[in-house]
Every structure is written in structure tokens, then in C-alpha cells.
Amino acid sequence: MALAPYPKLKAALFPQCAVHGIPSLDISLYHLIKSLHPFDPSRLFGWQSANTLAVGDTSNELPHFSRPDLINRYAITERLDFLYYLRHGRPSFAFGTFLVQHLAKSKSSKQQIQCAAEEAYSLGLVHFCTPSVAASCVCFLELLGVESFKLRVDLKVANIILDHLSKLNVESTFGLKQTLAEKVAKLSECEKTAAAELLVLLEEAVSDNINKQGLSRTSYKSGQEWSLVIQFCKLHGLKLSTTFLHECAEANDWLQFILFIQLSNYQADEVNALLEEFNPPLKDHLLLAFNNLQIISCREMDGYQSNTESIKIEKMHITKNPTDLFQILLCCQDKSPPWHYLTSEAVRQQAPILTILAACLRDANILHCLCVWIITHLDTITVEEATNHIKDSLEHHEFDLHDFTMIWKLLLKKQNSKVLIRGFQLFQKDSPLLHLLHMYEMCQENKNYSEAKNRLQEFHMCLTSLKTAPKPSCEIPVAWLQSQATALLLLMLQQCQTQYELRKLLQLFADIDNILISSGPNFKKLSALSQILQDTAVPINPDILCNYSLENLQKECNEILKQLLEKHLFILARQVAKLAELPVDSLVIHELLQELSVLKNRGQWCRKEAREHFWRKCHEAFICNSVTHGSAYEFFLNQASAIALKEPVVESSDEEEIDNIQEKYFLLTIAGHWVAQKDAVPIDQLEAVEKEIWLCRIAQHIALNNCLYRYSRQFSADGTSFEDAATEFAFNKLCALNTSKYLKLEGLPNKETADCRLNRVQTEALNLLVGHLLDEGCIHESSRVCRYFNFYSRDVALVLHCRALASGDADATQFHPDIQIIIAGRLSLNEGTEKEEETSSDSTQSSFVVAQNPGDKVVKHLQILTEECIHGTSYCRQVLSLYELSQKLGCTFSDISAQDPEMVLREVLSSSQPEKYKKAQAFITTQNLDSQTVADLIAGEVVQALLSSSGVKGTNQKQIYSSADGKEEFRKLAKLCQDPSVVGAKLLDRICSVPSGELACTVELLILAHDCFTATCHMEGIARVLDAARHLSHDHLTPNEEYSLMVRLLTGIGRYNDMTYIFDLLHQNHRFEMLLRKNVESNGHLKMALLDYIKRCHPGDSEKHNMVALCFSMRREIGENHEVAARTQLKLIESQTCDEPINEVPGIQNSLTKVLTLLKDAAESYSKDSCVRQALRCVKLAKLITLQLYFLNNNQNIRLINLQRHDLVNRIISLPRFYQVSVVADAYDYIPDWAEVLYQQVVIRGDFAYLDEFKQQRLLTPSLFEEISKKFKQSNTDATSSQNLKKLLKYCEDVYIYYKLAYEHNFFDIANKLLQDTRTSCYLNDMHSS
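Reading guide: rules and limits
- Residues numbered from 1 in each chain as written.
- Predicted model: local features only at pLDDT ≥ 70, side-chain atom pairs only at ≥ 80, totals over all residues.
- Heavy atoms only, no water.
- Helix = DSSP H or I, 4+ residues; strand = E, 2+ residues; numbered from the N terminus.
- Buried < 20%, exposed > 50% of the residue type's maximum accessible area, 1.4 Å probe, protein only.
- Contact = heavy atoms within 4.5 Å.
- Areas by Shrake-Rupley, 256 points an atom, 1.4 Å probe, with all protein chains shown as cover.
- Phe/Tyr/Trp six-rings, centres within 6.5 Å; stacked < 30°, edge-to-face > 60°.
- Lys NZ or Arg CZ within 6 Å of the ring centre and 35° of its normal.
- Salt bridge = Lys/Arg side-chain N within 4 Å of Asp/Glu carboxyl O.
- Axes fitted to C-alpha atoms, helices over the stretch in contact; angles between N-to-C directions.
- Parallel < 35°, antiparallel > 145°, perpendicular 65-115°, else oblique.
- Left-handed = near helix turned anticlockwise from the far one by under 90°.
- Nonpolar A, V, L, I, M, F, W, Y, C, P; charged D, E, K, R; others polar.
- Expected span 1.5 Å × (residues − 1).
- Arc of directions from axis to C-beta.
- Polar contact = N/O pair within 3.5 Å; in protein donor to acceptor, adjacent residues only side chain to side chain.
- Core = buried A, V, L, I, M, F, W, Y, C linked by side-chain atoms within 4.5 Å.
- Patch = residues over 30% accessible without salt bridge, like charges linked within 9 Å, V, L, I, M, F, W, Y side chains within 5 Å.
- pLDDT = per-residue confidence, 0-100.

Q: I would appreciate a short explanation of the overall build of the chain in the present structure.
A: If you tally the helices and strands in the chain, you get 69 helices and zero strands. Burial analysis of the chain (1330 residues in total) assigns 44% to the buried set. Put simply, of all contacts in the chain between residues at least 6 apart along the chain, 62% involve residues at least 24 apart. Accessible area of the chain: about 72800 Å², with a carbon and sulfur share of 52%.

As C-alpha cells, then:
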């Protein structure tokens, strides 16, 4: 039973017992169905056990399709044909079914097979897009023994067309398949129209495939693609497609055209029609070829081949000396090797054709064949010359490369290049030498140099490809080709008849100069030389072409240079010198002398400006052309010697003479300048030039004094004189001249030994000039001048004695007697005032501030010599200061004077002596050290100290500055320089020398440089520091995460408003708190800058604001921040509670609690900073929040926060307690109308407890009662309110007001009582009477 698995359902539908005492009825579902037409339970559902109505003959089995009785009575049977199996891709089953169903019982098997093949063909075409069905049909045809080629072609055609149409997206794929299947199915019916339509589509598809594959439209592969179209046409009886043939004709591709028509078997008339599309020449050739064709049938062709195979070749008798060509060819077959026999016969019979045939044989020696071919073309005399080195017979000799070389050279020497050209064309047409021979012919015979250049370039390309090829195709070695090419080019140059031909060939050969052998000539230089000499009569010596070398080239160019200079062709001469890398000394000098001659001829030489400009131009020309120092020295010295000076006579000089003196002075100075630049400086020449200069200076001094008054105005109006120009080239301070021997007393003339050969006027002038030298500190030069002229100068002697005394070279007892007399006289004169001298300020004797030793005689003697000097006093003071400094530093004067002033200054600053900065300042003043020198020293020491502190290895010298010294020590160092901004600039310049990884050093340098610029208000320097700081922060500190250095840079410079980008960088990289780790409690600027930055750039970041304020103990700012946050929260609450009762807003209590906490913190912060008013404001608002929370906790919808001004009156009146009103009024700074409040609370509502609270906090003034009375009169009140007012008036302490108001409100009992009371009656009577 179907309901057996569901017993509960079965029990409910078919109960077996009584339910609730009611017996079950014997009625089943089938009884109910019985009444429904057309169901008959007696005949239906017989298999159900519950069906008691079923008759006995009813089947008790559920009906199904496998029951035989049902099948026999009702089933429709059908046998599966072979087409069914083909549709399901089962060709073997289909073939088996066909054999059983059709062939087994059929008598006409061929007809059955043909019908089955046609049906399979039609089915395959219909299902061409289903590979399994199509393949099954093809396989079925093969099993039947029927050719399946047509079906396969049609299937491929259909699929190609389908792919093509699908890519065009003409319609949906399903629609394409249906449409195409209908057309293809018509092929089985042999419809020409359908086949023609498919042919058009197939041609489009094949053409599109060729384009997509990137094939040439006339290539062989394209023809293979078109073969499918031809097969389709042949299978369906269509005219063969001519699309491919049209394309071949349009492209004039006759070979593919002929090949395609041959493979496809086109008809002659079709082909002739297509020939019209070829160009006329091709069309004529093809027409002629096709018209002469003999069409042979297949049967005739087979007979012709059988007859040819039966022909037998008979051997002919060959004599030993054949003369017939065919006899020679037959004989060579029996020789080994055959090619050698042919070449031998070619030599013997002078038949060049045999060498060509020999070269065609296998393993033939092409070079041997070429040589024999050439020999057979030459006359007897030439052959003897070419083969003179060959001892054996030419017929049996095997020619090699050496033999070919001899033949090659002889023919080229005789200018017989045609035979070589023809031989290479026949035997080695790919050889590079063929291009070279064509070039030779073009140049020597045709003079066609442009075409020769093309041939030469082709030779170059072929030779280059042979060098790079792994296996050269040419039998001749590449090295031989290159060497013979060089020899041929040289031979062509030697065969030139004119300079024009030589120039053309050199210009041609210059392009291949890089591929010739290294020993060959440099054609580029020779071509350039020929081009330079193109328009001159100077020829190139042909010997240079035969014996070329760099040395010979320079000799030839040197000769050419001389000829060009003689012709004054300076530009060409310069080009030749540059080409041969020759010195241009003589060329430049000739050019300048030529220009000098032109200036004199034009009359411009008399102008001083022209002469000065010319001499400067000579100097610059020598520099630009790298003229040797000796040549320049000789030039200027000779020009100076050419200027003759007159003997100086008093009051006889004129302006022209002065100009000559100054010009000679200038030329001698330049000459000395040039000779001083030699590697080994010739001291004798320098001293000789300097002596001549001093003679000019003496003469100039005398001449100027003579005409001082006459030409003073003119001299002052002139521009730069020769003397000023000579200052640029002065060499008097050259180290080679300023040696220590000139500072010694040996060799210095004294009064007794001096024998000056100058006249009186010259001697006086020399004395004055020497005095000027001493005043300028030029001690070496003054000593040399005295020695040059054997001249005695008292001041020079004093100065040198002063130095000798300080250096210890001599003491006072060894001095000249005159000097000893001076010292002794001054000592005796100063004996009485010695103490006064010692205690007086030493600033007049020495600029160096030190405490002198009274017993130091050397110091006294130095002071005496200093005072005795007229000229050179400043130098003597320097000597004295250095001597005193050496005593303090514990070293000798010689040691300290030999050092540079910078080193001495460094020693002073690195010492631990007191007041070292004052001593250093005095030393700087005495030695006249400029600001740049001092700034360089300070900057270098500061950088070294900073690098040493960061771990970089430095020098072992004691440092004058340490990074731990602080800014005060650095300021003292910077003040040593007159302009501290110079120190700042030097520090900035030194940043480039700091290693890239030492960022800390760079930061400190920027800070120190900023201090220097700030000290002098140098705004440009400050701007440079700020720019450098920005660059350093963005490009170095931030990428390397050196945030501590960034903070150091910010706080060190201290320009917070200009460096807010550091705040941004720290904030972006979450390092803002590093600013708060620094000990900057006293830095108020940083506090304000931080807070200002947060307010401007991050106004909503209260956390960061509080963090900054807490770090700097800025309690007021903390309070402000808390207060602002609280009020902001109140605004948010206001926006949330605008449309609904406040007690129903979710989370309102938590929000108010947060506000209360913020207000408490704000009040506490304000109170810590003594901000009482702000703290009180927060307290008042906190009370209001507390009261609001009280109402919310009691679930009362009373809003106290965020009230508007006009809402306060009603809210205050509605509050039940006075303290609540007071809290609200204080929070909003509102003074309520207390009369109105009391009137509402006490009079109207009768709440006298409210009045008691009021009395505790405020006074009940008479005016307050009067206001309440007025409000009572203006309103309509009931008796209860009147009684409340009567009760309220009892609280009035003013008896008169109490009486008055009681009377006005008709409270007569109160009024009478007051009049009858003895305590108040008298007062009231008095008030009434008044």
C-alpha cells in the first residue's frame, strides 16, 4: 500500500477503530472515487490492496511500458535505420545496420550502396557544422567503398564560409548555420545556382584568410589556398575561378601564373583572355610562348618516352690530340680531374671557353681557371712577363694565389683592367675585387668619380660582410683582398697626371680609410691636405705617397707651411698645421707681425689704445693657440728691445717718451709672465727681465715727475695705462723669486760696499720706489732691487736686521756698526723711561696683545729698529708680533714665520691660553688677513669638528672648535671675521663637501650659518639657509627617516613660521610627538607656533592640541580645548533633539555625561592657570548639565540645554524649584524677572516652599512686592490666588508697603490690624499725614 511508509496518515484516512466512541465507517477513498465519472475503481487501481471494489480479473500490477501484454496491444514499433546511427556519430553501427537491413536481403547491392552514399552525403552536408556527424558520414562512405573526396571538400568549404561569415557578424551564429545548411544541402541535388553562390562566398573567405595570414597575394602558399576553390569548381562542374590569376596578372608575376594554370589545367581560351592584364612586354612574350605550345596527348607522350629510352649512345674513337670541342669534352670524362684537362687544353689551343666549362665541373679550382682564362686572353709578351717566375710548362702548371698576384699587378700596371673585370664577372662574380676594378675603370678611363664612389662603397660593404661571415664564400683570403686593395689605391694615386685627379682620388679614398691595413697611408689626412691646397700653387710632393709615414707627412706639411707663410696664406697654413699636428708658434707670430705691419701702415700704431689692445691680443692669441712659453717670451722680449728709450734728463720728458717707457714696461712684464710659467723656471732670465723692468720704472718715475703739472689733467682723463695693464701680469711675488736668501743680510749692499751705477736722478727715484715697496710689505722685491743696482737703502737694512734679530740669524753684536750705534743710542736715551715704556700700551709697537718680559733684550732691540724705520714700519711690527707670539707658543720665529698666516692663526685659536680670541683678533689685524681667508679657516675647522663628532675620521691636529662648545664659542669665532655673514656663506658652500650620509653635520652647518646671517641681518643668506633646509628636509631627512635631525633643524634655526613644512612632514609620518620630547620649556615661540599650526592646519585634532598644551603646561589652552569640545558636543545634541522629546533621544545621557566630564576638566585646567572667570563659566554650565541629567534620570521631558533667549522665561517659570531656576539663569547669564517668577510660583500655584528657598538666596525687597501686586492687578485671578497674595504680603518687612498693598487689594483686616497695632500705628499715621 502506498501509505504504508506513513502510518499516521494512513490511520487518519483509514481508521481501524472508533474515534471518540464513534465506530468507523466501512467507506474508503475508492468508494468516493466511484461516484466520479469516468473513474471506475472496479477496473482501476487493482494493484492497491485497499481497493476492495476491484474485480478478480483486474491486474494487481502497476501498469508500465515493459509489460508484454501492453506492448502487444498498444505499442508502436519502429526499427533504427543507419542514418540514426550516423546522426549520433556511430559510423560502424551504421555500416552494420546497413549490411543487415539493406544488403543482406537486396539483390542489387550496387544500387543500394549508391543510394546509401547519397543519403550519407546529404546528411553530412546538412550537419556540416557538427564534427561528429560529418566525420561519421565520411567514414561511412569509406566503409562503403565510395570516394569521400567530394564530401570532404564540400565540408571544408562550408566550414570556411561559416567562419568567414561569423567574423563579419552579419547575424546570429544559429541563423548563419541554418541559412548556410540550406544552401549546402542543395549541393546534393546538383543545383548550379547554389554552387555558384557558395563559390562567391568561398572566394571571399579564401581572400580574407590570405590577408589575415599576411601572405603575399601571388605567393606559392596563396596558390595552395586557392587550390581548394579550384577543387570545388571541378567537383560541381563550375567554371574555374580566375581570381588568383587576375592578381598574378596585375602583379606581373608570370611564374606563379604559369604554375597555377598548369596545376589547375585551365583551358587555352581562358588563359589567353587573362594575358591582357599583364604589361605589354610580358603579354607579348606569354602570347608567343602559348601560341607555340604543342599539345600532346597522354598516349603520344608515353610512346615518345618509350622510344627515347631505347636509344643507345655509341662511343666514338677519340684521338690523342682532339681539335673538336665535343671531342675534348668527351676526353675530359676519362681524365682525373677533368677540369684540369680542360684548362690544359685551353692553354694549348688558346681556347678561353674551355676554362669556363672547366669551372662548371665539380671540385674545380676557380682561381686556376681564372688565371688560365686571363692567360689565354693576353698577348705573348704580356704572358711572358706575367709567367716569368713559372719554371714548368703552363699547360701542366697549377696556378695559385701568388701567380694570380703577379698577373693582377702586371695588368693593373699596364692599366689593362678590362680583362680582369671580364674574368671576375665570369668566374667570381661575387668577389669584392669586381667592385674595385669597376671603380678603377670609372676613375682612370671615364673620370666618373660619383659612380666610382658607389662602387667603392659596395666594395667596402662586401669586404665587411666577408670579415664577419663564419665561412667566406670567396676563395681569395680577406687579408689578400685588403692588401691588394691598398696597393691598387696607391697605384692609382701614382698614375695621376694632375693635381686635380690626385685631389679627386684622395677625396674618394677618404671614405674607406678605416678598412685598409694599418701600414697604408691615411687617406683622410691626405685628402684634407689636398682640399686645403686646392686653390693654391703649392703642390703635394708625390714622394709622400710612396713612402708614407706620420713623420714624413709632418715634414711635408712643414715645408708646405713655410711656403704658405711666405705667401701670407695664414688661414690655410693654420689648417695645414692643425692637420699635421704641428706647433703653430711661427704661424701665430707671423700673423701677429703681419697685423702689426698693417696697423703701422694705416697710421693706427701711434694711438696708445691701439698698441695696448694689440699686445693684449697677442697674449690671448698665444694662450688660445697653446704657443710655447719660450716662443712667447722671445716675442715680447724682442718687441720690448725694439723700443729705444732716451737718457732720462731733468725737465726734458714728453708724453710720447712716457708712453714708450710704459709700453716697454708692459712688454717686459708680459715676457716675464710667460717665462715664469715654464716647468723649470729660469731664475736668471726672470731676474734679468725684472732688472729691465725696474729701469723702466725708474725712467717712468722721473718722466712723470718732470711733466706732472703739464699732463696731470691728461693722465687723469686717460683710460687704463700700460702700467695698470702690467699689474695683471706682474710676477714680482713669484715663489721662485721670493726665496729666503733675499731676507738674509749676506749680499746686501751697505754704505761702504754700495756702488750704484745710476746717476743722481735715477738714484733718488730708486730710493723713493724702494720706500714704496717697503710700505707695501714687498721685502723680497726691495732686497732684490738693491742687489740688482748695488744700491744701499737704510730702511731695507733696518728691516732685514730686524728679521735677522728675530730669527736668531744674528744678534746685536754682529750687526753693522751703523746699526749698533743706532741701537746703543736709543737704549741710553730710553734708560730713564724704561718702566714707563714697559707699562704703557703696546699697541704703538705691536698689534699683538701680550705681556712683555722686561728683561727681553731682543724685544727692546726690535722696538728700536721698528721706531727707526721710515718705510717698512708695518713689516717690522709684524716681525715683532710674530716673535712675541713665538715666545708664547714655545716655538722659534723661523718656524712660525715659515708657516702660512692661516696656520699660525689656527695655532693661536687651538691653544688654551686666556683671551685667545683677543690675541687672534690682534694677529688678524697685524697680518692684514682678509675676511675670506679667516672665514675659510673657521668654516673648515667647524666642518671638521662636526664630522669628527659624528665618527668620521679627521686629522690629528688639535681642533679650534668642538660641537660641544655651544653657540657662544662659535659666535666668538665668527666675530673674528669683520663680516660674520662671510662665515655663514662659507659654511653653506662647505655643505657640498660633507659626505652624503652625514646628515647631522649638514643640519648643524645650516644652524650655524643661520646664526651668522642673523647676527648681521643678512636676509639673502637667511633665505639661502631656509631654501637649503627645505631641500634637506624633503629630499634627505624624510626619506632616511631622520626625524630627530628634522626637529633639531627646526629648533636650531627657530624660524617656525617659515618652516611649517617640518610640522607637516612630522605629522604626515606620525612623528609629531617628537617635537614634544625636546627640552624646550622656556621656548615660548615654539609653544605658540605649535598651537597656531594645530589651530590653522588641524582645527579638529583636539588630541594633538591637548598633547601640545600638556607638554608645555599650557593649562589655559587645555581648558579652552575642553570647553570647545563640550560646546561642540552640545551642538551635536541640539541637532539630534530638535524634533523629538529630549528624554526619548537614544544615548542622550551618555552624551551629556561626556559633556559634563569635559566641563569639569576645563574648569580644573582654568583654575590651575588662575583663569577664574573661565573656570566659573564652565562650572555654571556643568551645573546646568547636571540638572538636565537629573530630569532625564527621572524621565521628565524638560529641556534645559541649548535654549534660546526667548525660551528662557517660560522654562524658568516652569521649573518647580528655585535652585533649578538659579542654575539655569547662571548658565545662560540671564537675570530673570523675579517678580514674575514669584507671582507664578507663589501667587498662582501657592508654592510657599519655593518662596522659602528664594528667601534663603535672595532678599524680598519692597519693590519686588510692588511688582507682584501690579501683575496681580493686571490678571484675572481667583480667590485662591488672592489668599496666596495675602499670605505672601506677610513676608514684606516694609510696614508701609505692606499696609499699602493690603489696602489696595482690599485686605482690610490686615490694614486694620496694622493700624491698631501699637508697633506700627504711629508709623502708618505719620506716613498718611505726610
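Moving on from the coordinates now.
Q: Would you explain the packing of aromatic side chains in this entry?
A: Geometry of an aromatic ring pair is reported as the spacing of the ring centres plus the angle between the planes. Summed over all chains, the structure comprises 30 aromatic pairs. Ring plane angle 65 degrees and centroid distance 5.1 Å describe the contact between Phe 614 and Trp 615, whose orientation is recorded as edge-to-face. Through a chain of ring-to-ring contacts, three or more aromatic side chains come together here, namely Trp 605, Phe 614, Trp 615, Phe 622, Phe 635, Phe 636 and Trp 674. Over the aromatic face of Tyr 742 sits the side chain of Arg 784, whose NZ or CZ is 5.7 Å from the ring centroid.

Q: What's the story with the environment of His 88 in this structure? I'm lost.
A: Positionally, His 88 belongs in the loop between α4 (82-87) and α5 (91-103). Taking the C-alpha atoms as reference points, His 88 and Ser 136, separated by 48 residues in sequence, lie 8.5 Å from one another.

Q: Hey, could you run me through the pattern of salt bridges in this one?
A: Oppositely charged side chains can pair when the atoms bearing their charge come close. A complete count under the given rule lists 29 salt bridges for this structure. For Lys 183, the salt bridge identified is with Glu 197, shortest N-O distance 4.0 Å. A residue pair is termed long-range when its members are at least 10 positions apart, and Lys 183 in helix α9 (residues 173-185) and Glu 197 in helix α10 (residues 192-213) qualify at 14 residues. The partner of Arg 1024 in a salt bridge is Asp 989, and the shortest N-O contact between them spans 3.6 Å. Of this pair, Arg 1024 sits in helix α53 (residues 1019-1037) while Asp 989 is found in helix α51 (residues 980-990), placing the two residues 35 residues apart along the sequence. You can call Asp 989 partly exposed: its relative accessible area is 46%. Through salt bridges with shared partners, one network takes in Glu 451, Arg 455 and Glu 458.

Q: It is not clear to me how the packing of α51 against helix α52 (residues 999-1015) should be interpreted in this structure. Could you clarify?
A: How two helices pack is summed up by the angle between their axes together with the distance between the axes. For the pair α51 and α52, the least separation of the axes is 7 Å and the interaxial angle reads 160 degrees. When the axis of α51 is compared with that of α52, the two are roughly antiparallel. Between α51 and α52 the crossing geometry is left-handed. Residues Pro 980, Ser 981, Val 983, Gly 984, Ala 985, Leu 987 and Leu 988 of α51 pack against Leu 1005, Leu 1006, Leu 1008, Ala 1009, Cys 1012 and Phe 1013 of α52. Taken together, the residues of the contact of α51 with α52 sort by class into eleven nonpolar, two polar and no charged.

Q: Sorry, what's going on with the environment of Asn 928 here?
A: Along the chain, the position of Asn 928 falls in the loop between α48 (916-927) and α49 (931-949). Judged by its relative accessible area of 61%, Asn 928 falls in the exposed class. Along the backbone, Asn 928 and Pro 901 are 27 residues apart, and their C-alpha atoms lie at a distance of 9.6 Å.

Q: What am I meant to see in helix α32 (residues 585-602) here?
A: Each α-helix turn comprises 3.6 residues. Residues three or four places apart therefore point the same way. Helix length check: α32, at 18 residues, gives a terminal C-alpha distance of 26 Å against a target of 26 Å (1.5 Å per residue), a fit within 8%. Among the residues of α32, Asp 585, Leu 587, Val 588, Ile 589, Leu 592, Leu 596 and Leu 599 are the ones counted as buried.

Q: Mind showing me how you'd approach helix α13 (residues 254-264) here?
A: If you check which residues of α13 are buried, you get Gln 256, Phe 257, Phe 260, Ile 261 and Ser 264. Take α13 and look down its axis: the buried residues cluster within an arc of 125 degrees, on one side only. Projecting away from the buried face of α13 at angles above 90 degrees are the exposed residues Leu 255, Gln 262 and Leu 263. As for α13, its buried residues are in contact with α11 (220-235), α12 (243-250), α14 (268-274) and α15 (280-291). Residue Asp 253 occupies the N-cap position of α13, its side-chain oxygen lying 3.4 Å from the main-chain nitrogen of Gln 256. Asn 265 sits one or two residues past α13 and shows a positive phi near 60 degrees.

Q: How should I be thinking about the nonpolar core in this particular structure?
A: Taken as a class, soluble globular proteins show a tendency for nonpolar side chains to be buried jointly. The biggest cluster of nonpolar side chains holds 129 residues, and the ones touching the most others in it are Ile 374, Phe 404, Met 439, Phe 509, Trp 615, Phe 622 and Phe 636. In this view, Phe 404 contacts Leu 367, Leu 370, Cys 371, Ile 374, Phe 424, Ile 476 and Trp 480; residues no more than four positions away in its chain are not counted. Counting 117 residues, the second largest nonpolar core, distinct from the first, contains Phe 815, Tyr 883, Leu 909 and Tyr 1093.

Q: Which parts of the structure should I look at to understand a nonpolar patch on the surface?
A: On the surface, a cluster of nonpolar side chains totalling about 300 Å² of accessible area is made up of Ile 27, Leu 29 and Leu 32. Along the chain, the position of Ile 27 falls in the loop between α1 (7-13) and α2 (29-34).

Q: Help me out: how do you make sense of the packing of helix α50 (residues 967-975) against α52 in this one?
A: One way to put it is that α50 packs onto α52 with a least axis distance of 11 Å and a crossing angle of 55 degrees. Taken together, the axes of α50 and α52 lie oblique to each other. Note that α50 runs across α52; the crossing there is right-handed. In contact with Lys 967, Phe 970 and Ala 974 of α50, α52 contributes Ile 1007, Leu 1008, Asp 1011 and Cys 1012. Across the contact of α50 with α52, the residue classes break down as five nonpolar, no polar and two charged.

Q: Honestly, the environment of Glu 1004 in this entry has me stumped. Any pointers?
A: Within the secondary structure, Glu 1004 sits in helix α52. Sequence separation between Glu 1004 and Val 942 is 62 residues; the distance between their C-alpha atoms is 9.6 Å.

Q: Which parts of the structure should I look at to understand the side chain of Glu 441?
A: Looking at the element boundaries, Glu 441 is found in helix α24 (residues 432-446). Judged by its relative accessible area of 16%, Glu 441 is buried. Setting aside anything within four residues of it in sequence, one finds Glu 441 in contact with Ser 417, Lys 418, Ile 421 and Asn 446.

Q: Would you take a moment to explain unusual backbone geometry for this structure?
A: Keep in mind that most residues, glycine aside, have a negative phi and that most peptide bonds are trans. Positive phi values are uncommon outside glycine, yet Asn 252 reaches one of about 60 degrees. For Gln 415, which is not glycine, the phi dihedral falls at a positive 60 degrees. Tracing the chain through its elements places Gln 415 in the loop between α22 (401-413) and α23 (417-427). In this structure Gln 415 comes out as partly exposed when scored by relative accessible area, which is 41%.

Q: Looking at this model, I keep getting lost on the confidence of the model for the chain. Mind explaining?
A: The predicted coordinates of low-pLDDT regions are not to be read in fine detail. For the chain, per-residue confidence averages 78 on the pLDDT scale, and residues scoring 70 or more make up 85% of the total. In this model residues 709-720 is a low-confidence stretch, pLDDT under 50, and it forms ten contacts with partners more than four residues away in sequence or in other chains. Scored below 50 in pLDDT, residues 835-855 makes 34 contacts in the model with residues more than four places away or belonging to other chains.

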